[in-house]
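# Topology and contacts: notes
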Amino acid sequence: MTDSLGYRMKFGVIAPSTNTSVQPEFDDMRPVGVTNHFSRIIIPDEPVNNDEDFNNLVMGIRAATMDAIDAVKTCSPGAMVMGMSAETFWDGKERADKLQAEIMERAGMPVAMGSDACMNALKCFGDIKKIAVITPYMPVGDQQVERYFTDCGYEVVQVKGLKCKSPMLIAHETEKTLRDAINEVNDPSVEAIIQAGTNLAMARVGGIAEFWLDKPVIAINTATYWHALRMNGITDKVQGYGSLLSHY
């Protein structure tokens, strides 16, 4: 017997309690027979005005993550998806790999993680070396994302951090703001644009921008959900969110 709705896959997804973008974007990309089951990492929506505030936010997410994993495990998902990103980039590639191993051990199942998903997504587009990054973070968060991609062998040409004033307010950034950020970091030397921060609703905008710029524009929610599908043998192509989901 299999789940009546998630008969191909039940994903257990963990996301911060303040995040209102990752759940609808994941659901919009969901193939028939695949279901997403969210567990919230409970954090307060406190102001983020500087690097110290942002660091405290990440540490709060880190402290509550394992409880969220334990909660969603009770629905017996087939795989785990990390619907949060800052922690997955923190302290570089070595720490990210350690985090993934820790979550896999706690979850007891495969885990798709944003940083690793972005790296695997970039490999689909050939020998890319130079990238630009957009985040909702304060500078300390931008530095962590840059460090991760540098560890992976990429040259980060430019980082645009939107410095959002609280974790919940990240979701208030408009498509126009995201479009302008894409245009700001784009230049002829940039071979691909990556967006971090799962509460920035950029899946649709990234797909549109990719068409006009004629280069990969990879939203982290798109990359993470694509990676979760493909690593679990689900090869459905999904339209409307860029070439990663529609062609790879």
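Before reading on, note that the structure itself is shown above.
A brief report on the enclosed structure follows. If you're wondering where the values come from, they're calculated on a predicted model, not measured in any experiment.

## Looking at the packing of aromatic side chains
The tally for this structure, following the rule as stated, stands at 11 aromatic pairs. Each ring, one from Phe-89 and one from Phe-149, has its centre 5.7 Å from the other, and the planes form 45°; the classification is tilted. One end of the pair, Phe-89, is in helix α3 (residues 86-89); the other, Phe-149, is in helix α6 (residues 139-151), and 60 residues separate them in sequence. Classification of Phe-149 by relative accessible area gives buried; the value is 0%. Their ring planes at 85° and their centres at 5.5 Å tell us that Tyr-148 and Phe-149 sit as a pair that is edge-to-face.

## Some points on the sheet that holds strand β6 (residues 155-161)
Overall, parallel pairing links the 4 strands, which are arranged β6-β5-β7-β8 in an open sheet. Of all strands in the sheet, those with a lone pairing partner are β6 and β8 (217-219), marking the two edges. Averaged over all pairs of adjacent strands, the angle between their axes in this sheet comes to 20°, without regard to strand direction. With 6 bridges connecting them, strand β5 (residues 130-135) and β6 associate as parallel partners. Paired with Thr-135 across the strands is Gly-161, a residue of β6. The strands that α6 touches are β5, β6 and β7 (192-195); relative to β6, the one it contacts most, it runs at about 160°.

## Comments concerning the side chain of Ser-39
Inspection of the secondary structure puts Ser-39 in strand β2 (residues 34-41). A polar atom in the side chain of Ser-39 sits 2.7 Å from the backbone oxygen of Ala-68. Leave out the neighbours within four places in its chain, and Ser-39 touches Val-13, Ile-14, Ala-15, Ala-68, Ala-71 and Val-72.

## Structural notes on the sheet that holds strand β4 (residues 111-112)
Across the sheet, which stays open at both edges, the 4 strands sit in the order β2-β1-β3-β4 with parallel pairing between neighbours. With one partner strand each, in any of the chains shown, β2 and β4 form the two edges of the open sheet. Where strand β1 (residues 9-16) and strand β3 (residues 79-82) come together, 4 bridges link them in parallel fashion. When the bridges of β3 are listed, Gly-12 appears paired with Met-80.

## Overview of a nonpolar patch on the surface
Taken together, Ile-208, Phe-211 and Trp-212 make up a surface patch of nonpolar side chains, about 430 Å² in accessible area. By the secondary structure assignment, Ile-208 is in helix α8 (residues 203-213). According to the relative accessible area criterion, Ile-208 is partly exposed, its value standing at 41%.

Definitions and cut-offs
- Residues numbered from 1 in each chain as written.
- Predicted model: local features only at pLDDT ≥ 70, side-chain atom pairs only at ≥ 80, totals over all residues.
- Heavy atoms only, no water.
- Phe/Tyr/Trp six-rings, centres within 6.5 Å; stacked < 30°, edge-to-face > 60°.
- Helix = DSSP H or I, 4+ residues; strand = E, 2+ residues; numbered from the N terminus.
- Buried < 20%, exposed > 50% of the residue type's maximum accessible area, 1.4 Å probe, protein only.
- Pairing = 2+ DSSP bridges.
- Axes fitted to C-alpha atoms, helices over the stretch in contact; angles between N-to-C directions.
- Contact = heavy atoms within 4.5 Å.
- Polar contact = N/O pair within 3.5 Å; in protein donor to acceptor, adjacent residues only side chain to side chain.
- Patch = residues over 30% accessible without salt bridge, like charges linked within 9 Å, V, L, I, M, F, W, Y side chains within 5 Å.
- Areas by Shrake-Rupley, 256 points an atom, 1.4 Å probe, with all protein chains shown as cover.
- Salt bridge = Lys/Arg side-chain N within 4 Å of Asp/Glu carboxyl O.

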